[in-house]
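Close look at the chain arrangement
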Amino acid sequence: MAFGLRLPWTRAKQVRPPAAKGWLPGAIAALSDEGGARWSGRSYQAIAREGFMRNPVAHRAIRMIAEAAASVPWLVFDEGREQDRHPVADLLRRPDPGGVSDGFFETLYGHLLLSGNAWVNPVAAGDRISGLQLLRPDRMRVIEGPDGWPSAYEHQAGGKRRRFAVNPEEGPGLLHLKLFHPLNDHLGFAPLEAALMALDLHNASTGWNKALIDNSARPSGALVYQPKEGGNLTPEQYDRLKSELEEGYQGARRAGRPMLLEGGLDWKAMGLTPRDMDFMEARNGAAREIALALGVPPMLLGIPGDLTYANYQEANRAFCRLTVLPLVNRTAAALTAWLQPVHGSGLRIDYDADRLPGLSAERDALWARVGAAGFLSDEEKREAVGYQRVVE
């Protein structure tokens, strides 16, 4: 699929927007304090690397949201009637000519969760939109005009830059989906960014536990030098003793090896108190905060200690209703507004929530109630459960 194809209605010569100061899709800001805690950066790359690529809780939560939202089927309505054969329906079934619908929308939702922004570029074939192309958020930049509002979008990849008009004379242009950001007028806020402290705590505790295991699953002790005649070790003796300890007694493979001491040396082992050993609760608390920021019930991630929901079915239903469907609804509204100038004001993109497995219990209960309503006709029952009337 060729990149950068412009639609026929956007080929007219346009005024090149003046270069101005713009924002990156994630301001790089590392929180660090000398002698205090150190936190990961807040750029898209840092969040993707430390969260999605290194943290199992964030990885699984984002995958659950993106895969569940991408599995919701799209419905296309034109002038109030559902259309099975429609250019927009065909486009949503296979937005990427070289891929499948689920993969495209899974990536789109992943961009929203990791950066708070998603960018869609229409690909033209003749006089129609033949495909959709996702642009990575960290490669996009918003160019501000003199009035402070966006005047252009700039994409940079492979040493090349390309600008897109915010309001092209004709056609849809780029589609920019974004989540609410309280301090930025033009870019969205990544949900995972709200859990960066919990994310760093969870990753750091994993690294600490790994180091503890590598050190024979016990903390370091103290090697005390107490010669009878007094004095201290020479620098050469200190360096030799330190290197022998590191090479001969540290690491999991050397666990339990007896230590031979000489010349007034004495080993004082240090044990862990019960309070020092309470790392699992800290890890579970950090995991719950990560799941909370992303909107996934901790019970669905196997995190112990969460009794918010009575059972797994209730947690799954809350996940679908409170996290997945709002994300899908936001995307449907954005796609509708984006494609209406091309396909007419009667176009409406909706979704079929009944296909979500987590809502099967609600669907069965609704059908049972409507089916038992004898005062409703068959056509009214169809409308009550979300189906359109049958036209004879």
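Above this note sits the structure.
Let us look at the structure shown here. Predicted, not measured: the structure shown is a model, and the values here were computed from it. The numbers attached to residues start from 1 for each chain and follow its sequence in the written order. At least 70 in pLDDT is required for a residue's local features to be given in this predicted model, at least 80 for side-chain atom pairs to be given and counted, and no such filter applies to totals for whole chains, interfaces and linings, which use all residues. Where side-chain values are given, they derive from all heavy atoms of the structure, hydrogens and water being excluded.

**Regarding the overall build of the protein chain**
A count of helical and extended segments in the protein chain gives 10 helices and 12 strands. Categorising residues by exposure relies on relative accessible area from a 1.4 Å probe, with only protein chains included: less than 20% of the type maximum marks a residue as buried, more than 50% marks it as exposed, and the intermediate range marks it as partly exposed. Within the span of the protein chain, comprising 392 residues, buried residues form 38% of the whole. For the protein chain, the exposed area adds up to about 22,800 Å²; of that, 52% sits on carbon and sulfur atoms. Segments assigned H or I by DSSP are reported as helices when at least four residues long, segments assigned E as strands when at least two residues long, and all are numbered from the N terminus. Here the Shrake-Rupley method, with its probe set to 1.4 Å, supplies the accessible areas, and only the displayed protein chains count as covering residues.

**Here's the deal with helix H8 (residues 312–343)**
Fitting axes to the seven residues that end at a residue and to the seven that start at it, the angle between those axes gives the bend at that residue. The axis of H8 is deflected most strongly, by about 35 degrees, at Val 324, and proline Pro 326 appears within four residues downstream. One or two residues past the end of H8 sits Gly 344, with phi positive at roughly 100 degrees.

**What about the pairing of strand E2 (residues 74–78)?**
The element E2 is extensively covered by neighbouring structure, given that four of its five residues are classed as buried. Sheet topology note: the E2/strand E12 (residues 347–351) ladder contains five bridges and is antiparallel. Bridge pairing links Val 76 to Ile 349 in E12. Strand direction decides the pairing type here: E2 and strand E3 (residues 81–82), joined by two bridges, are antiparallel. Bridge assignment links Phe 77 to a residue of E3, and that residue is Glu 82. Should DSSP find at least two bridges between two strands, the strands are regarded as paired. Two successive antiparallel strands, E2 and E3, enclose a turn made up of two residues, where Glu 79 displays a positive phi of approximately 55 degrees.

**Some remarks on the packing of aromatic side chains**
For Phe, Tyr and Trp, where Trp contributes only its six-membered ring, two rings pair if their centres lie within 6.5 Å, and the inter-plane angle classes them as stacked under 30 degrees, edge-to-face over 60, or tilted in between. This structure, assessed with the given rule, holds four aromatic pairs. Taken together, a centroid distance of 5.1 Å and an interplanar angle of 85 degrees make the contact between Phe 104 and Phe 105 edge-to-face. Like Phe 105, Phe 104 is buried. Here, a charge over a ring means that NZ of Lys or CZ of Arg falls within 6 Å of the ring centre while also lying within 35 degrees of the ring normal. The ring of Phe 77 is capped by Arg 348, whose NZ or CZ atom sits 4.3 Å from the centre of that ring.

**Focus on the environment of Leu 179**
Within the element layout of this structure, Leu 179 appears in the loop between strand E9 (175–178) and helix H5 (196–214). Separated by 63 residues in sequence, Leu 179 and Gly 116 have C-alpha atoms that sit 5.2 Å apart.

**Comments concerning the side chain of Asn 117**
Tracing the backbone shows Asn 117 in strand E4 (residues 117–125). What makes Asn 117 buried here is its relative accessible area of 0%. Residues adjacent in sequence count toward polar contacts only when both atoms are side-chain atoms; beyond that, a polar contact is any pair of N or O atoms within 3.5 Å, and within protein one must be able to donate a hydrogen and the other to accept it. Within polar-contact distance, the side chain of Asn 117 engages the side chain of His 176 at 2.9 Å.

**A closer look at the nonpolar core**
By size, the foremost hydrophobic cluster in this structure holds 66 residues, and its most contacted members are Trp 74, Leu 108, Tyr 109, Val 120, Ile 290 and Phe 319. Among the elements that line this core, the one with the most residues is H8, at 11 residues. Note on contacts: a residue pair qualifies if any of its non-hydrogen atoms lie within 4.5 Å across the two residues. What Leu 108 contacts, discounting residues up to four positions off in sequence, is Ala 118, Val 120, Leu 134, Leu 177 and Thr 331. The criterion is simple. A nonpolar core is a set of buried Ala, Val, Leu, Ile, Met, Phe, Trp, Tyr and Cys residues joined through side-chain atoms within 4.5 Å. Formed by eight residues, the second largest nonpolar core is a distinct cluster that contains Trp 119, Leu 135, Val 142 and Phe 164.

**Some details on unusual backbone geometry**
If you check the backbone angles, Glu 79 has positive phi at about 55 degrees while not being a glycine. Structurally, the position occupied by Glu 79 is in the loop between E2 and E3.

**Here we look at the packing of helix H2 (residues 56–70) against H8**
To get an axis, fit a line to the C-alpha atoms, keeping to the stretch in contact for a helix; angles then go from 0 to 180 degrees between the N-to-C directions. Remark: H2 packs on H8, axes separated minimally by 9 Å, with the N-to-C direction vectors making an angle of 65 degrees. Classified by chirality, the crossing of H8 by H2 is right-handed. Counting all contacts with H2, which are made through Met 64, Ile 65, Ala 68 and Ala 69, the residues of H8 involved are Phe 319, Thr 323, Val 324, Leu 327 and Val 328. A class-by-class count of the residues in the contact of H2 with H8 yields eight nonpolar, one polar and no charged. Each crossing gets its hand from how the near helix is turned against the far one by less than a right angle, where anticlockwise is left-handed and clockwise is right-handed. Gly falls in the polar group here, along with every residue not listed as nonpolar (Ala, Val, Leu, Ile, Met, Phe, Trp, Tyr, Cys, Pro) or charged (Asp, Glu, Lys, Arg).

**Overview of the pattern of salt bridges**
Salt bridge, as used here, is a side-chain nitrogen of Lys or Arg placed within 4 Å of a carboxyl oxygen of Asp or Glu. Under the criterion given, the structure shown has 10 salt bridges. Two residues, Arg 93 and Asp 90, come together in a salt bridge whose shortest N-O distance is 2.8 Å. Taken together, the residues span about one helical turn, with Arg 93 and Asp 90 both in helix H3 (residues 87–93) at a distance of three residues. Taking the shortest distance from any N to any O, the salt bridge between Asp 138 and Arg 136 comes out at 2.8 Å. On the accessibility criterion, Asp 138 (17% relative accessible area) is buried. Taking the relative accessible area as the measure of exposure, Arg 136 reaches 35% and is therefore partly exposed. Several salt bridges converge on common partners, so that one network encompasses Arg 141, Glu 154, Arg 161 and Arg 163.

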